[in-house]
Protein chains: 2
Amino acid sequence: MATTETRRRADAERNIAAILDAALVLFTEEPQSSMVAIARAAGVGRVTLYSHFPSREVLLEAVLDRTIAEAGEVIKKAAPEEGSATEALRRLLRTSWHALNQHRKLFDLAQRELGPVRLRQRHREVVDHVEGLLTRGQEEGVIRTDLPTNWLVTTVYGLLHAAADEVNTGQLKAEEAADVLEATLLPALRS
Amino acid sequence: MATTETRRRADAERNIAAILDAALVLFTEEPQSSMVAIARAAGVGRVTLYSHFPSREVLLEAVLDRTIAEAGEVIKKAAPEEGSATEALRRLLRTSWHALNQHRKLFDLAQRELGPVRLRQRHREVVDHVEGLLTRGQEEGVIRTDLPTNWLVTTVYGLLHAAADEVNTGQLKAEEAADVLEATLLPALRS
DNA sequence: CTTAAGTCGAACATGAGTGTTCGAGTTAAG
DNA sequence: CTTAACTCGAACACTCATGTTCGACTTAAG
């Protein structure tokens, strides 16, 4: 934390955090949100926003980095290496569906606005956890092997996205999301 | 067809068709496409475009109407009322996954640009076919009843969308899409 | 308390998309 | 062949988002 960087004042630090928080919400809820909207939502002047993040692109990248890091943490806490693959997948869905969905939405946005190339690698960090888990399940014989692992990962993310949308539009309660997801995904994935 | 309307010249008719074709492609591939881009893709001047569709909104609505109508036709041809519900669902996926996916993408776009209210009704026309099919399957005992029908419909569309994206990015061959979809959806939906 | 760091509103420059108007040129239809 | 329908490029007015600059004001830190 305490690097030899130029030291920043406490209020600057606070504003940066507020901006990243607001940007995450707006980018995932309404991808085409303007810088003005983000500044307002963060309770900050437009100039301040630009002084910390010189362009929309830089801001998007910062939000992406932070979210990927957080998603990584959340996934690690779900311990995808422990217990049977099915158990681990259940744990992952229960604790991480929200984080994984944010990751997905940001990834879609970044793919459009930054181009496909620039985030492949960072994207991998998160997706690999899911893919690794599924591969382990295939080796254990509990996950189907008649379809490419790649497609199974897509299935997980696709349904995650669908469930999160339903929660957003109020057709599904947030507490039920994990149950519904589990009940749909497990039969789709098992051998 | 031959109403008492002001009769249009043949080249106008041709241009309108070209515009709708181009707009469908661009709207589904790149939702934020500009009117300029659409005009160019249709091989038509900007003024001509505006003379037929006075605003982006009107154009979007026209594309939506036409696509919903076409999707309705395609679905009807798959005869969702005939045979067992499982058989019918198989037929539907095999013949209509592409049309259903176009419908979904346009619906997402319209929801953002026209607001949620204005297309609920038209949207229903297409979704009801799928929902009706699933309800019938539930009555026949082949489709699960432990989850709301609503969610099952979402599952179908969610995976449809995921598969279509994979086809777009070249990770899945178009010929395989229906097979993969069927292999994933049937276990997820059956009781 | 002093000062450097940070904030903020107002104003400006730029670029891109939308929609309109004009007028000259094409083209289909009778 | 005549005419009305249609096309199309150029130019314009308008809005909206992005960034930048200026100068005055506030606030944290030593």
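Note that the structure is a prediction, hence the values are computed from the model and not measured.

### Let's talk about the protein's contact with DNA strand C
- Contacts to DNA strand C come from 23 residues, most closely from Arg9(A), Asn15(A), Arg9(B), Arg46(B) and Arg56(B).
- Considering DNA strand C, the proportion of its atoms within 4 Å of the protein that are sugar or phosphate atoms stands at 58%.
- Residue Thr48(A) places a side-chain N or O atom 3.1 Å away from a phosphate oxygen belonging to DNA strand C.
- Arg46(B) is positioned such that a nitrogen or oxygen atom in its side chain is 2.8 Å from a base oxygen of DNA strand C.

### Regarding empty space enclosed by the protein
- Tallied over the entire structure, the rule returns two cavities of 30 Å³ or more.
- Estimates place the volume of the largest cavity at around 40 Å³.
- What lines the largest cavity is simply Arg104(A), Gly158(A), His161(A), Ala162(A), Arg104(B), Gly158(B), His161(B) and Ala162(B).
- Here the lining of the largest cavity is built from residues that sort into two nonpolar, four polar and two charged.
- Put simply, the second largest cavity is a space of about 30 Å³.
- Leu64(A), Ile68(A), His103(A), Phe107(A), Leu119(A), Arg122(A) and His123(A) together form the lining of the second largest cavity.
- Those elements that provide at least two residues to the lining of the second largest cavity are α4 (56-77), α5 (85-114) and α6 (120-140) of chain A.
- Partitioning the lining of the second largest cavity into residue classes produces four nonpolar, two polar and one charged.

### Quick notes on the protein's contact with DNA strand D
- Taken together, 23 residues are adjacent to DNA strand D, and Met35(A), Arg46(A), Arg56(A), Arg9(B) and Asn15(B) come closest.
- Here the atoms of DNA strand D within 4 Å of the protein split so that 58% fall in sugar or phosphate, with bases taking the remainder.
- Between DNA strand D and Asn15(B), the relevant distance is 2.4 Å, taken from a phosphate oxygen to a side-chain nitrogen or oxygen of the residue.
- With respect to DNA strand D, the backbone of Gly45(B) contributes an N or O atom lying 3.0 Å from a phosphate oxygen.
- Looking at the surface near DNA strand D, the elements that each hand over two or more residues are α1 (10-29) and α3 (46-52) of chain A together with α1 (10-29) and α3 (46-52) of chain B.
- The element best represented in the surface near DNA strand D is α3(B), accounting for four residues.
- Residue composition of the surface near DNA strand D, by class: eight nonpolar, six polar and nine charged.

### Remarks on the packing of helix α8 (residues 174-189) of chain A against helix α8 (residues 174-189) of chain B
- The geometry of α8(A) relative to α8(B) is characterised by a closest axis approach of 7 Å and an angle of 130° between their N-to-C directions. By the angle class used here, α8(A) and α8(B) are oblique. The crossing of α8(A) and α8(B) is right-handed. Here Thr184(A), Pro187(A) and Ala188(A) of α8(A) come into contact with α8(B), specifically with Thr184(B), Pro187(B) and Ala188(B).
- Classifying every residue of the contact of α8(A) with α8(B) by side-chain character gives four nonpolar, two polar and no charged.

Cut-off values and rules
Residues numbered from 1 in each chain as written. Chains lettered and ligands numbered in written order. Predicted model: local features only at pLDDT ≥ 70, side-chain atom pairs only at ≥ 80, totals over all residues. Heavy atoms only, no water. Near = heavy atom within 4 Å. Polar contact = N/O pair within 3.5 Å; in protein donor to acceptor, adjacent residues only side chain to side chain. 1 Å grid on protein atoms, 1.4 Å probe; cavity = no way out; pocket = protein on both sides within 12 Å on 5 of 7 lines; lining within 4 Å. Points joined across faces, edges and corners; volume = space filled by probe spheres on them. Nonpolar A, V, L, I, M, F, W, Y, C, P; charged D, E, K, R; others polar. Helix = DSSP H or I, 4+ residues; strand = E, 2+ residues; numbered from the N terminus. Axes fitted to C-alpha atoms, helices over the stretch in contact; angles between N-to-C directions. Parallel < 35°, antiparallel > 145°, perpendicular 65-115°, else oblique. Left-handed = near helix turned anticlockwise from the far one by under 90°. Contact = heavy atoms within 4.5 Å.

Geometry only, nothing functional implied.
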